[in-house]
Amino acid sequence: MPIIKILPHAEYCPEGAEVKAPAGTSICEALLDNGIEIEHACDQVCACTTCHVIVREGFASLSEMEEGEEDMLDRAWGLEPNSRLSCQAILGQKDVSVEIPKYSINHAKEKH
């Protein structure tokens, strides 16, 4: 079972964490199942960028990115070449390390 290493994030995971999840699970689902309350405003249907993560290790072991995710990622804050929407990034057999960006574009949370 692959391990997801989450780098420290002041709000969601101040100390960092490691969680196990079965292959075939999305990163978002694995984090939520383990008490890491990453934002997911669209309920994990690839309609927003609030669950954006930066994959620091293990990028190639994740599912391939589909066009809809690529299009949506263009709107993410702090986009990097190894960015993924955690609701769309499905775990393979290898461990991954992710960073949750400091900010997301979430109008509901920002009270706009």
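Report follows, based on the coordinates. (Residues numbered from 1 in each chain as written. Predicted model: local features only at pLDDT ≥ 70, side-chain atom pairs only at ≥ 80, totals over all residues. Heavy atoms only, no water.)

### Some points on the overall build of the protein chain
Argument step 1. For the protein chain, the helix and strand inventory stands at 3 helices and 5 strands.
Argument step 2. Along the protein chain, helices and strands appear, N-terminal first, in the series β-β-α-β-α-β-β-α.
Argument step 3. Principal axes of the C-alpha set define a box for the protein chain whose edges measure 40 × 35 × 25 Å.
Argument step 4. Put simply, the protein chain has 112 residues, and 46% of those count as buried.
Argument step 5. Within the protein chain, contacts between residues at least 6 apart in sequence are counted, and of these 65% link residues at least 24 apart. (Helix = DSSP H or I, 4+ residues; strand = E, 2+ residues; numbered from the N terminus. Buried < 20%, exposed > 50% of the residue type's maximum accessible area, 1.4 Å probe, protein only. Contact = heavy atoms within 4.5 Å.)

### Concerning the sheet that holds strand 5 (residues 96-99)
Argument step 1. Strand order in the open sheet formed by 5 strands is 2-1-5-3-4, with mixed pairing between adjacent strands. The sheet terminates laterally at strand 2 (17-20) and strand 4 (83-85), the two strands that pair on one side only. The mean angle between the axes of side-by-side strands here comes to 35 degrees, regardless of whether they run parallel or antiparallel. (Pairing = 2+ DSSP bridges. Axes fitted to C-alpha atoms, helices over the stretch in contact; angles between N-to-C directions.)

### Regarding unusual backbone geometry
Argument step 1. Not every positive phi belongs to a glycine, and Gln 44 is a case in point at roughly 65 degrees.
Argument step 2. Summarising the element assignment, Gln 44 is placed in the loop between helix 1 (27-33) and strand 3 (52-57).
Argument step 3. Judged by relative accessible area, which is 27%, Gln 44 ranks as partly exposed.

### Description of the pairing of strand 5
Argument step 1. In the sheet, strand 1 (residues 3-6) pairs with strand 5 via 3 bridges, with the strands oriented parallel. Pairing of Ile 6 across the sheet is with Val 98, part of strand 5.
Argument step 2. Across 3 bridges, the pairing between strand 3 and strand 5 is antiparallel. Considered in strand 5, the bridge of Val 55 is made with Val 98.

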